[in-house]
Amino acid sequence: YMLFGETEFSRLSVGGTFPIPVSRYVFGDYCQRTAHGILITERIPFGEEPIEKAHLKGLDALRPDADDHYRALNALLAQIVGFHKRGGFGPHLEEVFPFRRGGSGMPAVASDGLIDFITARVPHLLPQQMTSEAFLARFKADADWILDHLRELSAALNKNVDYTGFCHANLNLDNAWFWRNQEGSLQAGLLDWGAAGQMSLGQAFYGMLFASDPAKMLPLRRELVNAFIVDYHGASGIQLDPEALLQRAKVACLITLPMIVFASEQFVQNYAGMDLSAIEGLADPRVAADSGFQTMFAMLGNILTEWFDDDMEPVETCRALLTEDVA
């Protein structure tokens, strides 16, 4: 399915009207019966001037200018959604990338496995405030409530269509290429459109920031939301409420709890041969440049950080979205 999305998006972007840089489409074909296909696009010359070297997911700590890169991606997201809202994709978008107002199917999981992962396996790799008994008791109660309401929360994210649009679903730094123009301004082009489609803008924000530095995520997300509101209004003429968009970005993060549970289980398998207790911290040279290791802790740290947001308490934010009146 991912190759299907990649191929169909590449075809939609042909013609010179798409407002952002993407790798030029050459040829693509896909068989839905066998799930086999081929996609040929322009090669991006990473590391050849002026294009930066390819970035790996989850290694923001190694890039002091990571926030600037997210700002560049955020500006592109506003242009993509604005292009969609202006009708830029034409009349056939719905046939290929249909809008689904209802909630997506979510797997049934329990929070216990994740809490055990935090307390028994990696407590020394997380901030102390995220491993205390008091915090984890609160987290479990809230997480269980969220897990019980996943389908309703997923549907609520799509209830107000003004806060949905065609989005790139995974705007991490590894899914783009970057360069600076003659004025020194950071520019970007986007790759990896396999999961693109019509979705909640909150989902797109989560997809952009889930592997970012948890220590910076909350203020960076608010900054990016505010900038998106301005850029999107210029691209579409639609004025959104920054607090409503921020609310959706938070809920979109919270409902990924099943994914975090599965990721923690996969992490244990992937690093079964490593003595985690011997790792002194995320800056330990043995793991500091390990994209898979760092991405897991970025994902985990970012979802736990939602409980340290003084402006938006998790369950209250979810309840507010569920009871929102949409005309």
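Worth saying up front: this structure is predicted, and the values here are computed from it rather than measured.

Chemist: Help me understand helix 2 (residues 66-85), please; the structure alone is not making it clear to me.
Modeler: Since there are 3.6 residues in each turn of an α-helix, residues three or four apart along the chain are aligned in direction. Its 20 residues give helix 2 an end-to-end C-alpha distance of 29 Å, which sits within 8% of 28 Å, the value for a rise of 1.5 Å per residue. Where helix 2 ends, the next residue or the one after it, Gly-87, has phi of about 85°, a positive value.

Chemist: Please explain the pattern of salt bridges as it appears in this structure.
Modeler: Once their charged atoms are close, side chains differing in charge can pair, the charge on each being opposite to the other. Using the criterion set out here, one finds 17 salt bridges in the structure. The partner of Asp-112 in a salt bridge is Lys-140, and the shortest N-O contact between them spans 3.4 Å. In this pair, Asp-112 sits in helix 4 (residues 112-121) while Lys-140 sits in helix 5 (residues 133-148), placing the two residues 28 residues apart along the sequence. For Lys-140, a relative accessible area of 28% gives the class partly exposed. Ionic pairing is found between Asp-284 and Arg-286, a salt bridge with its closest N-O pair at 2.8 Å. Residue classification places Asp-284 among the buried positions, given a relative accessible area of 7%. If you follow the salt bridges from partner to partner, you end up with Arg-221, Lys-250, Glu-306 and Asp-309 in one network.

Chemist: Whenever I open this one, the state of the cysteines confuses me. Can you help?
Modeler: Each disulfide consists of a covalent bond between the sulfur atoms of two cysteine residues. Enumeration over the complete set of coordinates arrives at zero disulfides. With no disulfide partner, Cys-253 has as its closest neighbouring cysteine sulfur the one in Cys-318, 10 Å distant. We classify Cys-253 as buried; its relative accessible area is 3%.

Chemist: I would appreciate a short explanation of the packing of aromatic side chains in the present structure.
Modeler: Geometrically, a pair of aromatic rings is defined through the distance of the ring centres and the angle of the planes. The tally for this structure, following the rule as stated, stands at 23 aromatic pairs. Between Phe-18 and Phe-89, the ring centres sit 5.8 Å apart and the planes meet at 45°, which makes this aromatic pair tilted. With Phe-18 in the loop between helix 1 (2-12) and strand 1 (25-31) and Phe-89 in the loop between helix 2 and helix 3 (93-96), the pair connects residues that are 71 residues apart, well separated along the chain. What makes Phe-18 buried here is its relative accessible area of 9%. When the ring of Phe-267 is compared with that of Phe-297, the centres are 5.5 Å apart and the planes differ by 90°; the resulting orientation is edge-to-face. Remark: Phe-297 occurs in helix 11 (residues 291-305) and Phe-267 occurs in helix 10 (residues 257-270); sequence separation between them is 30 residues. Phe-267 gets classed as buried once you look at its relative accessible area, which sits at 3%.

Chemist: Explanation requested: the environment of Leu-322 in the structure shown.
Modeler: Here Leu-322 is to be found in helix 12 (residues 314-322). C-alpha of Leu-322 to C-alpha of Asp-68: the two residues are 254 residues apart in sequence and 34 Å apart in space. Not counting chain neighbours up to four residues away, the residues in contact with Leu-322 comprise Trp-145, Glu-152, Leu-153, Ala-156 and Lys-159.

Chemist: What am I meant to see in the packing of helix 6 (residues 150-157) against helix 12 here?
Modeler: How two helices sit against one another is set out by the angle between their axes and by the gap between those axes. At a minimum axis separation of 9 Å, helix 6 and helix 12 run at an interaxial angle of 60°. Taken together, the axes of helix 6 and helix 12 lie oblique to each other. As for how helix 6 packs across helix 12, the hand of that crossing is left-handed. Counting all contacts with helix 6, which are made through Glu-152, Leu-153, Ala-156 and Leu-157, the residues of helix 12 involved are Cys-318, Leu-321 and Leu-322. Among the residues making up the contact of helix 6 with helix 12, the classes are represented as six nonpolar, no polar and one charged.

Chemist: What am I meant to see in the side chain of Thr-164 here?
Modeler: Tracing the chain through its elements places Thr-164 in strand 3 (residues 164-167). Thr-164 sits in the buried class, given a relative accessible area of 4%. A polar atom in the side chain of Thr-164 sits 2.8 Å from the backbone oxygen of Val-161. For Thr-164, the residues in contact, after removing those within four places along its chain, are Val-81, Lys-85, Phe-99, Leu-157, Asn-158, Met-199, Ser-200 and Leu-201.

Chemist: Explain the nonpolar core to me, please; I cannot follow it from the model alone.
Modeler: Nonpolar side chains in soluble globular proteins generally cluster together in the buried interior. With 48 residues, the main nonpolar core has Phe-18, Leu-73, Phe-166, Leu-190, Trp-193, Phe-205 and Phe-228 as its most contacted residues. Elements represented by at least two residues in this core include exactly helix 2, strand 3, strand 4 (176-180), strand 5 (186-190), helix 7 (201-209), helix 8 (214-236) and helix 9 (242-254). A total of 10 residues in this core trace back to one element, the largest contributor, which is helix 2. Sequence-distant contacts of Leu-190, defined by excluding residues within four places in its chain, comprise Ile-20, Pro-21, Val-22, Ser-23, Leu-73, Leu-76, Ile-80, His-168, Leu-171, Asn-175, Ala-176 and Trp-177.

So, how was this worked out
Residues numbered from 1 in each chain as written. Predicted model: local features only at pLDDT ≥ 70, side-chain atom pairs only at ≥ 80, totals over all residues. Heavy atoms only, no water. Helix = DSSP H or I, 4+ residues; strand = E, 2+ residues; numbered from the N terminus. Expected span 1.5 Å × (residues − 1). Salt bridge = Lys/Arg side-chain N within 4 Å of Asp/Glu carboxyl O. Buried < 20%, exposed > 50% of the residue type's maximum accessible area, 1.4 Å probe, protein only. Disulfide = S-S within 2.5 Å. Phe/Tyr/Trp six-rings, centres within 6.5 Å; stacked < 30°, edge-to-face > 60°. Contact = heavy atoms within 4.5 Å. Axes fitted to C-alpha atoms, helices over the stretch in contact; angles between N-to-C directions. Parallel < 35°, antiparallel > 145°, perpendicular 65-115°, else oblique. Left-handed = near helix turned anticlockwise from the far one by under 90°. Nonpolar A, V, L, I, M, F, W, Y, C, P; charged D, E, K, R; others polar. Polar contact = N/O pair within 3.5 Å; in protein donor to acceptor, adjacent residues only side chain to side chain. Core = buried A, V, L, I, M, F, W, Y, C linked by side-chain atoms within 4.5 Å.

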